[in-house]
Amino acid sequence: MGAYGYIQKSFREEYKARSAELRDRIIAWRKEPSVERVARPTNITRARELGYKAKQGVIVVRVRIRRGLRKRVKPMGGRKPSRSGRFFAYRPSSQSVAEGRAARKFSNCEVLNSYYVGADGDYKFFEVILLDRSNPSITGDRHYSTVVDQKGRVFRGLTSSGRRHRGIIKRGFGTSGNRPSVRSNIRA
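What counts, and at which threshold
- Residues numbered from 1 in each chain as written.
- Predicted model: local features only at pLDDT ≥ 70, side-chain atom pairs only at ≥ 80, totals over all residues.
- Heavy atoms only, no water.
- Helix = DSSP H or I, 4+ residues; strand = E, 2+ residues; numbered from the N terminus.
- Contact = heavy atoms within 4.5 Å.
- Salt bridge = Lys/Arg side-chain N within 4 Å of Asp/Glu carboxyl O.
- Buried < 20%, exposed > 50% of the residue type's maximum accessible area, 1.4 Å probe, protein only.
- Pairing = 2+ DSSP bridges.
- Expected span 1.5 Å × (residues − 1).
- Arc of directions from axis to C-beta.
- Phe/Tyr/Trp six-rings, centres within 6.5 Å; stacked < 30°, edge-to-face > 60°.
- Lys NZ or Arg CZ within 6 Å of the ring centre and 35° of its normal.

Further remarks concern the side chain of Ser 96. Turning to its location among the elements, Ser 96 is positioned in helix 4 (residues 94–105). Beyond its immediate chain neighbours, meaning those up to four positions away, Ser 96 contacts Val 154, Ser 161, Gly 162 and His 165.

Right under this line is the structure:
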């Protein structure tokens, strides 16, 4: 096993055991702003799996998302079946919401990918990998230049978590109603 394999194994053990280091890290993250730029990825192996390279124009941002379901206001106008619920889940995942917040904060960048880094009782934390659209080292890179050309890809569900909540990650048998997306698949 190489160096990255050992790093990945230590991260898995850290998450599984809820180590003191992880707890201290999360306590510190709670006090930071909800969208914070970080110098380097917390989990370098996961970041590199998702396309991170340590070069100019590649930015890593940690985003804090509140956990739980959305509580709807008290229904008015009777108890109809459509109004009976109080708590509803968002259709996009919290990871997609985190990507969108990072993209809004860093409007000159495009979201490449994101990954989970931790959670506590109130929040989930994700790290989002962003690419600077105007940086020459990004526009000259053959892998990154195609991503940068897709303007607003996070808002159109083109990142991997966006494709997951649109229902188009899976292929083959049983996925005939999924494409082009769940939203456009309204049947009468």
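What follows concerns the pattern of salt bridges. This model, assessed by the stated rule, comprises eight salt bridges. Linking Glu 32 and Arg 62 is a salt bridge whose minimum nitrogen-to-oxygen distance equals 2.8 Å. One end of the pair, Glu 32, is in the loop between helix 2 (20–31) and strand 1 (35–38); the other, Arg 62, is in strand 2 (residues 58–66), and 30 residues separate them in sequence. Residue classification places Glu 32 among the partly exposed positions, given a relative accessible area of 25%. Here Arg 62 makes a salt bridge to Glu 127, at a shortest N to O gap of 3.8 Å. With a gap of 65 residues between them, Arg 62 in strand 2 and Glu 127 in strand 6 (residues 123–132) connect regions that are remote in the sequence. Beyond isolated ion pairs, a larger network of salt bridges with shared partners links Glu 32, Arg 62 and Glu 127.

Right, let's get into the pairing of strand 5 (residues 109–119). With ten of its eleven residues buried, strand 5 lies for the most part within the structure. Where strand 5 lies against strand 6, nine bridges are found, and the strand directions are antiparallel. By the bridge assignment, Val 111 is partnered in strand 6 with Leu 130. Adjacent in sequence and paired antiparallel, strand 5 and strand 6 are bridged by three residues.

Looking now at helix 2. A rise of 1.5 Å per residue sets the reference length of helix 2, with its twelve residues, at 16 Å; its end C-alpha atoms lie 17 Å apart and thus fit the reference within 8%. Within the sequence span of helix 2, burial applies to Leu 22, Ile 26 and Trp 29. Down the axis of helix 2, the smallest arc covering the buried residues is 60°, so these residues share one side. Exposed positions of helix 2 whose direction lies more than 90 degrees from the buried face are Glu 21, Asp 24 and Lys 31. Where helix 2 is buried, its residues touch helix 1 (3–17), strand 2, strand 5 and strand 6.

Taken as a whole, this structure holds five aromatic pairs when the rule is applied. For the pair Phe 11 and Tyr 15, a centre-to-centre distance of 6.2 Å together with 40° between the ring planes defines the contact as tilted. One end of the pair is Phe 11 and the other is Tyr 15, both in helix 1 and four residues apart, which spans about a single turn. Here Phe 11 falls in the buried class, since its relative accessible area comes to 11%. Note on Tyr 15: relative accessible area 24%, which makes it partly exposed. Each member of the aromatic cluster is reached from another via a ring pair, and the members are Phe 11, Tyr 15, Tyr 116 and Phe 126. The ring of Tyr 144 is capped by Lys 53, whose NZ or CZ atom sits 4.9 Å from the centre of that ring. For the cation-ring pair, Arg 64 lies above Tyr 123, with the distance from its terminal atom to the ring centre recorded as 4.8 Å.

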